[in-house]
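Residues per chain are reported as follows:
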Amino acid sequence: MFTQAIVRKPCKAMLDGLTEADMGLPDFTLACIQHEDYIAALIECGLKVTILPSLEEYPDSCFVEDVALLTPHCAILTHPGATSRRGEVQHIQSSVQQFYPNLEQITLPGHVEAGDIMMVGSHFYIGLSDRTNSQGAEQLIAILNTHNSTGSMVEMSELLHLKTGLSYLEDNNLLTFGEMNSHPDFAQFNRIEIDADESYAANSVWINGTVLVPKGFPKALKAIQQLGYKTREIAMSEFQKLDGGLSCLSLRF
Ligand code: CIR
C-alpha cells in the first residue's frame, strides 16, 4: 500500500521541456488543470499529497519521478542522464528527507533517472537507456542490496524510459509495449500487450488497487478493467507532448 505522494506543479517554462514527441507545444493553462486532476486522483486513491511549487529554472521539473527512487526500505536521489535535469535533484532533497532522514545518492560516472526503474515487490528492474547507464545501475543495485532489496539491469534500445513501455499492476500483471512485449526478462509475468496506437497507455499506475490510466485509450482501459481493477482516467495531453507519462508526475511511497 502507498500512503504518500510528492508532486511538483508544472512551470511556464515547460514549453522548453525536452521532447521527441513532435506533438506541438503544451498549453500551460491546460497542463495546470490536468495536473490538478492528477492530484485529485492521487487523493482519491488514499494518498496524502505533498505539492511542491513550480520551478521555472527547470522546464521538466514537474516530472518528479525521475529524480528520486523511494522504496519501503530506502530513498535514493538519482543523477539524471539529461544534463538540463540534474539541478532538479537538489530541489527535491529536503522534501524527501522529511520522510526518509537517511538519503542515498547516485553519483558520477553513474546516471539514473527513476523512470527507468520498475518496482516488483522488493526487486527493482533498471532499464539501461540514454538516461540511465550501467555504472548508475550498479550503484543502485549495491545500495538496494544493503536495504533488503535486489535489482537487475534490463537491456533496452527503443524507449525513452523503461516505464515508457512497462507498468507493473501487481498480482503478476504487467502492461507491455513494443520491445517489452517479448523481452525475456519479463517472461514470468502475465503480459498484457498494449497496441502501438495506444502505446502511451503502457504507462499506467497502480495505486492501492486502482489503476490510473491516461484518458483516450479505450482498448487499454478495457484490458485493464478486464483484469478486475478499478480504473480512474486522467487527461494527460499536455504532458504527453513532453514525453511525460502518468508515473512521471509523482513519487509514490
Ligand atoms: C524528459 O525528457 O526528461 C521529460 N520531458 C519527460 C520525462 C518523463 N519521465 C518519465 O518517463 N519518467
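Please refer to the structure placed before this passage.
Anyway, here's the lowdown on the structure attached to this text. (Residues numbered from 1 in each chain as written. Predicted model: local features only at pLDDT ≥ 70, side-chain atom pairs only at ≥ 80, totals over all residues. Heavy atoms only, no water.)

Some thoughts on the sheet that holds strand E2 (residues 48–52)
As summarised here, the arrangement of the 3 strands in space is E2-E1-E15, forming an open sheet in which the pairing is mixed. Edge positions in the open sheet fall to E2 and strand E15 (251–252), since each of these has one partner strand only. Bridge count between strand E1 (residues 4–8) and E2: 5 bridges; the pairing is parallel. When the bridges of E2 are listed, Val7 appears paired with Ile51. Contacting E1, E2 and E15, helix H1 (residues 28–44) runs over the sheet at an angle of about 175° to E1. Packed onto the sheet, helix H2 (residues 88–97) meets E1, E2 and E15 and runs at close to 155° relative to E1. (Pairing = 2+ DSSP bridges. Helix = DSSP H or I, 4+ residues; strand = E, 2+ residues; numbered from the N terminus. Contact = heavy atoms within 4.5 Å. Axes fitted to C-alpha atoms, helices over the stretch in contact; angles between N-to-C directions.)

Quick notes on H1
With 17 residues, H1 ought to run about 24 Å at 1.5 Å a step, and its terminal C-alpha atoms sit 24 Å apart, in line with that. Along H1, the positions that sit buried rather than exposed are Ala31, Gln34, His35, Tyr38, Ile39, Ala41 and Leu42. One side of H1 carries all its buried residues, which in axial view fall inside an arc of 155°. Exposed side chains of H1 directed beyond 90 degrees from the buried face belong to Thr29, Ile33, Glu36 and Glu44. Two to three positions downstream of the cap, the backbone nitrogen of Thr29 sits 2.9 Å from a side-chain oxygen, assigning the N-cap of H1 to Asp27. Following H1 by one or two positions, Gly46 adopts a phi angle in the positive range, close to 95°. (Expected span 1.5 Å × (residues − 1). Buried < 20%, exposed > 50% of the residue type's maximum accessible area, 1.4 Å probe, protein only. Arc of directions from axis to C-beta. Polar contact = N/O pair within 3.5 Å; in protein donor to acceptor, adjacent residues only side chain to side chain.)

Comments concerning H2
Those residues of H2 that fall on the buried side of the exposure criterion are Glu88, Val89, Ile92, Ser95 and Val96. In an axial view of H2, the angular spread of the buried residues amounts to 120°, which keeps them on one side of the axis.

Thoughts on the site of the ligand
Lining the immediate surroundings of the ligand are 13 residues, of which Leu18, Asp60, Asp66, Leu242 and Cys248 lie closest. Within the side chain of Glu65, one N or O atom sits 3.1 Å away from a nitrogen atom of the ligand. Arg131 is positioned such that a nitrogen or oxygen atom in its side chain is 2.9 Å from an oxygen atom of the ligand. Taken by itself the ligand offers 350 Å² of open surface, and the protein chains cover 98% of this. Class assignment for the residues of the shell around the ligand results in 4 nonpolar, 3 polar and 6 charged. (Near = heavy atom within 4 Å. Areas by Shrake-Rupley, 256 points an atom, 1.4 Å probe, with all protein chains shown as cover. Nonpolar A, V, L, I, M, F, W, Y, C, P; charged D, E, K, R; others polar.)

Thoughts on the packing of aromatic side chains
Per the stated rule, a full pass over the model turns up 9 aromatic pairs. Look at Phe186 and Phe189: their rings are 6.2 Å apart centre to centre, the planes differ by 40°, and that puts the pair in the tilted class. Grouped by ring-pair contacts, the aromatic residues Tyr125, Tyr168, Phe186 and Phe189 constitute a single cluster. (Phe/Tyr/Trp six-rings, centres within 6.5 Å; stacked < 30°, edge-to-face > 60°.)

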